[in-house]
Structure formats: structure tokens, C-alpha cells
Amino acid sequence: MMIAILVIYFGLMLFIGYLASRRVRDSKDYFLGGKGFGPWFTAFKFAATWESGVKLVGSPGMAWNAGWSSLAMGIGTPLCYFFSFRVFGQRLKTAFDHFNVLTLPQMLEKRYESRAIRIIAAVAILIGLGGSLVAQFKATGEIFSAILGLDYLHGLLIGSVIVGIYCIMGGYLASVWTDFIQGIIMVFGSIAIFAATAQAAFGGLSFDLLSQINASLAAIDPNLLDITGGGKMSWANLFIILAITMLVGIAMPQQSVAIFSMRDVRTARVAMIVCVVFSAILAWTLVGTGMMSHMVLSPAEVKNPDMVIPLLIPKVLSPLMGGIYLAAVLAAIMSTVSGSIVVAASSLTEDIFKLAIPKRYNAHPMFYNRIGATVFVLLPLLFAVNPPTIIFWIGVFAFGFLVFTFLMPMIGVILLPTASKQAVIVQMLCTMIVIPVWTVWLQKSTGIPALLIGLVGAPLVFFAVNALYKKTELSPEVSALWEKFRRL
């Protein structure tokens, strides 16, 4: 039954990719879907890309390990959507349309009047999203291997080939359409496993379920009721999670593209509400499932917290519902992968190919667009076949690398009209060097998270350099942009 569900699911994704490919006419369609998406497609694209497979597998595992403290990210995520759509989003959309560009590096080039910034930004996206894709492809192979008993390589090939085909065919449009379907599957699957685990643990859902969970956890380990999980989630980590979550929409290119592709700035208001509801459902059901799993699974079974979901599925779900939840996990991973592939491909083609071979690219843009997408399917796939020993650190640094490389340049776009190109260049280069070095060689020895270094270091470097090269006059184009901001 699980195999049948997955065959239907994969067939639907490929069919959507085919339909999208028939609507793609030019690079604007391929990389932004024509910039005509309303609130529901925008919301599901943004949320499904952000709420990755880490959420559907990692959140229950974290809840098993640390109890209520694992809800920290879930509680903070609505702030992500508020800042992304209401604080930053309308200005980001206005700036992107004002400069009339296709990619984030192109917007930074226009804003700061620097070709060097465009190239640096493109390289940062290729490195950061490349590392992220290797980790996501590896997760795909492991999920298939753990739940279906397939060989890791077979699982890896199935997942990556499916998502690769529909991304290469339909580009961003296919990514948005599939993310809409995948988001619905994620919500349904999360509710299903929550209800099934409650049935197995307490005989079903009830109004006093929360009290039952707390009483049972207190008897097992009182630390599971503590906000820090008995020290498993430090206050510093809680602060970092909250701070980073608020910056996702502005600092992660694969998230910003959902804002750029909105129909208009008013779309952001409804999209924010849809995202918050989506996130709340996932956060409470998945964390609740993880905590209730203490009443269903024995500690001896759970040798690794990430195995909570693979162990729960055959115990609490029927083969039909187990197949649906597995599809939900794969949907979460594939939605993140598809968004990353398209954004990485846009930087490779629009910001590298177009500058290096302009005549060839302009003669056959769609050919090179699909070549770019193919590169970011095949290269991460090859690395994930036999992942390097530092694969964990690649996944960790990719997030911080992207967030802190783009944080201050993007803030300069919407909040700091006097931000200088010198400050942006120095800060981006420093972050691109420091984050991976700190993650691999210094984080463990110093005990200081690389994310904390980025959170503090990026603004310090930016403002220090900007104080030396602060602009006194705005260009006509930037002045016109700020006039549009004032009318929002």
C-alpha cells in the first residue's frame, strides 16, 4: 500500500511538472512563474520550502529528546512570517519590481551600483544552496532506506530524479504548484499521525489531552516539561533560534523568491495569515506526536531521536495512512529541494552564464536555464551518493552561510538608504570565509555556535565599514525607490 501511495504521489508531481513546462515561455516564467501568484500559492510556496523534512522528522525527534523546549522554533515561526511578509516583504517586493530584475544578485547590483556585488552574491548562493542540496538529497535517501527498507542509493536516486525532472521541466512554476499540493499533504499527514499517536497513547483525542501528556512526561522525566529540556536546549540556542527565524524571509534567497514572485504587495497580508495557520498546525501536531511517543515506544527502541517517526509509522498508522505520512515527509524535503534548485539555477544562468557568455545565453536562454537546473540536480546527487565525512557540517554551515551573507545587504535594500557598496562587499566576503571556517574548525573547540558569530559579526563588520564609506547622496534610482517605500 505504501508503494502504491508513493507511485501515485510521484506520478502527480511529474504530471504537474509537465503541465508547468507548457506554460513556461521565457526566463521570467522559468525563474519567477510570471510574478503573478496570489496569497495561497505564495503562502504555501514560502511555508512548504521553510518547513522542510527536518520539521516532519526532526521536530518529533527533538520533542522525544527535549520535551516542550522543542516547541521553541514552532512558536517563533509565526514571527518569521510576520517579519517576512509585513515588516520586510512589501518593501522587498517593491524594490524587486522597481529595479525590474529576475534574481536577487541582480537586485543587489542595481541597488548598490556594483557588478562585484552581483558576482559575490551569485557565488554565495551557489555555495550555500549547493551544500544545502547535498544534505537534503542525503535525507531523501535515508528516509527511503529507514522506512521502506530500500538501499540508500536507490532511495536517493528515486527522490532526486523525481524532483529534478519536474524542476528542470517546469522551473519555478512547477515548484510553486507542487509545493501547494505538498503543503496540503504535509498538513494532512501531520494531523493524521498526531491523532493516531494519541489513540495509541491515551485511547484517543480529548479536551484534557494536554494535561494527560504533561502528567505522563512528568512521571517519565520532569526535565521534559522544562523550557530548556533540562539543559538540552540552552537559553543561548533559544535566543539564536528566535533571532534567526525572524530573519529568514529577508536573508535566505530561496525564501525571498516567494516574495518577489507575488502578484502585488497586498498579497503579503493574506499570505502571512495562511502561513501562520499552516505553521501552527505543523508545530503543535508534530511536537505533540513526539512527546506522546514516550507512551508508545520504549527507550530501548529509540537509539536515535530521528528514528521516532520511522518507528511510529508502522505502530500507529495503517499502511494507507503510513504511505500518506511518508509522502508528507518526502513532500517536505522535495519542496525545499525544488525551491533551492530553481534559485541556484537562476544565479548560475542569469548571474554567471549571462555575464560570461552573453551572446550564447541571450540566443538560447531557456536551454541554459534548464542546463543550470540540471547542474544543481546532478552535482548534489553525486556528492550525496558517497557523502563526505563533513556532510553534517555542510548542512549546518549552509544555513548560517546564506543568512549572514545576505542579511545586511538586504537590510540595506529596504531600511538603510545610505548603505555603501564597500560595506556590503567587505561584510559578504568576511561572512563567506568566517562561517565555514568557524563551523568546521572552531565551533566545537570554543563552544560558540557559528550562528552566534554570524549574528553578531555580520552587523558589526557592516556598520564599521559603512561608517568609513557612508554615502552622502542617493542615486536617482535609489531616491525613487525610497519615495515608493513612503507610499506603502
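What you are looking at is a predicted structure, and each value in this text was computed from that prediction instead of being measured. (Residues numbered from 1 in each chain as written. Predicted model: local features only at pLDDT ≥ 70, side-chain atom pairs only at ≥ 80, totals over all residues. Heavy atoms only, no water.)

### Side note on the overall build of the protein
Counting its regular elements, the protein contains 20 helices and zero strands. Taking the principal axes of the C-alpha coordinates as reference, the protein spans close to 65 × 45 × 45 Å. Residues counted as buried form 57% of the 488 residues belonging to the protein. Considering only contacts within the protein whose residues lie at least 6 apart along the sequence, 84% involve residues at least 24 apart. When the accessible surface of the protein is summed, it comes to about 19,100 Å², and 69% of that surface belongs to carbon and sulfur atoms. (Helix = DSSP H or I, 4+ residues; strand = E, 2+ residues; numbered from the N terminus. Buried < 20%, exposed > 50% of the residue type's maximum accessible area, 1.4 Å probe, protein only. Contact = heavy atoms within 4.5 Å. Areas by Shrake-Rupley, 256 points an atom, 1.4 Å probe, with all protein chains shown as cover.)

### Some thoughts on the pattern of salt bridges
Where charged atoms from two side chains of opposite charge come close, those side chains can pair. Evaluation of the coordinates by the stated rule reveals eleven salt bridges. Across the salt bridge formed by Arg-118 and Asp-351, the nearest N and O atoms sit 2.9 Å from each other. You can see Arg-118 sitting in helix α7 (residues 115–148) and its partner Asp-351 sitting in helix α14 (residues 319–356), a full 233 residues away along the chain. (Salt bridge = Lys/Arg side-chain N within 4 Å of Asp/Glu carboxyl O.)

### A look at the environment of Ile-213
Relative to the elements of secondary structure, Ile-213 occurs in helix α9 (residues 209–220). A C-alpha to C-alpha distance of 38 Å links Ile-213 and Val-163, two positions 50 residues apart in sequence. Ignoring sequence-local partners within four residues, the contact set of Ile-213 consists of Phe-202, Met-291 and Met-292.

### Some points on empty space enclosed by the protein
As enumerated under the stated definition, the model contains one cavity of 30 Å³ or more in all. Of the voids in this model, the largest cavity is the one considered here, and its volume is about 110 Å³. As for the largest cavity, its lining consists of 15 residues, and the residues nearest its centre are Leu-102, Thr-103, Val-257, Val-343 and Ser-346. If you list the elements that add at least two residues to the lining of the largest cavity, you get α2 (27–32), α6 (104–112), α11 (253–260) and α14. Sorting elements by how many residues they give to the lining of the largest cavity places α14 first, with four residues. Of the residues belonging to the lining of the largest cavity, the class tally is twelve nonpolar, three polar and no charged. (1 Å grid on protein atoms, 1.4 Å probe; cavity = no way out; pocket = protein on both sides within 12 Å on 5 of 7 lines; lining within 4 Å. Points joined across faces, edges and corners; volume = space filled by probe spheres on them. Nonpolar A, V, L, I, M, F, W, Y, C, P; charged D, E, K, R; others polar.)

### Topic: the confidence of the model for the protein
Across the protein, the average pLDDT comes to 88, with 97% of residues at 70 or higher. Element-level pLDDT for the protein is lowest in helix α10 (residues 235–251), with a mean of 77, against a maximum mean of 97 in α6. (pLDDT = per-residue confidence, 0-100.)

### Structural notes on the side chain of Gln-106
Its location among the elements puts Gln-106 in helix α6. When residues no more than four places from it in sequence are discounted, the contact partners of Gln-106 are Val-101, Arg-118, Glu-350 and Asp-351.

### Points about the packing of helix α3 (residues 39–50) against helix α8 (residues 152–202)
Orientation of α3 relative to α8, taken along the N-to-C sense of each, is 75 degrees, at an axis distance of 8 Å. Classified by the interaxial angle, the pair formed by α3 and α8 is roughly perpendicular. Contacts between α3 and α8 involve Trp-40, Phe-41, Phe-44, Lys-45, Ala-48 and Thr-49 on the former and, on the latter, Tyr-172, Ser-175, Val-176, Trp-177, Asp-179, Phe-180, Gly-183, Ile-184 and Met-186. Tallied by class, residues from the contact of α3 with α8 come to ten nonpolar, three polar and two charged. (Axes fitted to C-alpha atoms, helices over the stretch in contact; angles between N-to-C directions. Parallel < 35°, antiparallel > 145°, perpendicular 65-115°, else oblique.)

### Some details on the packing of aromatic side chains
Applying the stated criterion to the full structure yields 19 aromatic pairs. Ring geometry for Trp-40 against Phe-44: centres 6.2 Å apart, planes inclined by 20 degrees, an arrangement best described as stacked. Here Phe-44 and Trp-40 lie together in helix α3, a separation of four residues that amounts to about one turn. Phe-44 sits in the buried class, given a relative accessible area of 9%. The interplanar angle of 65 degrees and the centroid separation of 5.0 Å between the aromatic rings of Phe-44 and Phe-180 together place this pair among those described as edge-to-face. Residue Phe-44 is found in helix α3, and its partner Phe-180 is found in helix α8; the two are separated by 136 residues along the sequence. Looking at Phe-180, the relative accessible area reads 22%, which means it is partly exposed. In textbook terms, an aromatic cluster arises when at least three aromatic residues are bridged by ring pairs, as seen for Phe-37, Trp-40, Phe-41, Phe-44, Tyr-172, Phe-180 and Phe-278. (Phe/Tyr/Trp six-rings, centres within 6.5 Å; stacked < 30°, edge-to-face > 60°.)

### Some words on a nonpolar patch on the surface
Where nonpolar side chains cluster on the molecular surface, the patch consists of Ile-433, Val-434, Val-437, Val-440, Trp-441 and Leu-442 and spans about 530 Å² of accessible area. Locating Val-440 in the fold gives a position in helix α18 (residues 421–446). (Patch = residues over 30% accessible without salt bridge, like charges linked within 9 Å, V, L, I, M, F, W, Y side chains within 5 Å.)

### Focus on the packing of α8 against α9
Between α8 and α9, whose axes approach to 12 Å, the crossing angle comes to 60 degrees. Here α8 lies oblique to α9, going by the angle between them. The hand of the α8/α9 crossing is left-handed. Contacts between α8 and α9 pair Phe-194, Ala-198 and Phe-202 from the former with Leu-209, Gln-212, Ile-213 and Ser-216 from the latter. Looking at the contact of α8 with α9 residue by residue, the class counts come to five nonpolar, two polar and no charged. (Left-handed = near helix turned anticlockwise from the far one by under 90°.)

### Some details on the nonpolar core
Formed by 143 residues in total, the largest nonpolar core has its most connected members in Phe-85 and Phe-406. For this core, the element with the most residues is α14, which contributes 19 residues. Excluding residues within four positions of it along the chain, Phe-406 makes contact with Leu-104, Leu-108, Ala-121, Ala-124, Ile-125, Ala-251, Pro-253 and Met-428. Counting 13 residues, the second-largest nonpolar core is a separate cluster that includes Ala-63, Leu-71, Leu-224 and Val-287. (Core = buried A, V, L, I, M, F, W, Y, C linked by side-chain atoms within 4.5 Å.)

### Quick notes on the state of the cysteines
Summed over the entire model, instances satisfying the criterion amount to zero disulfides. Cys-80 carries a free sulfur, and the closest cysteine sulfur to it, the one in Cys-275, is 7.9 Å from it. Classification of Cys-80 by relative accessible area gives buried; the value is 0%. Looking at the unpaired Cys-167, the closest cysteine sulfur is the one in Cys-275, lying at 19 Å. (Disulfide = S-S within 2.5 Å.)

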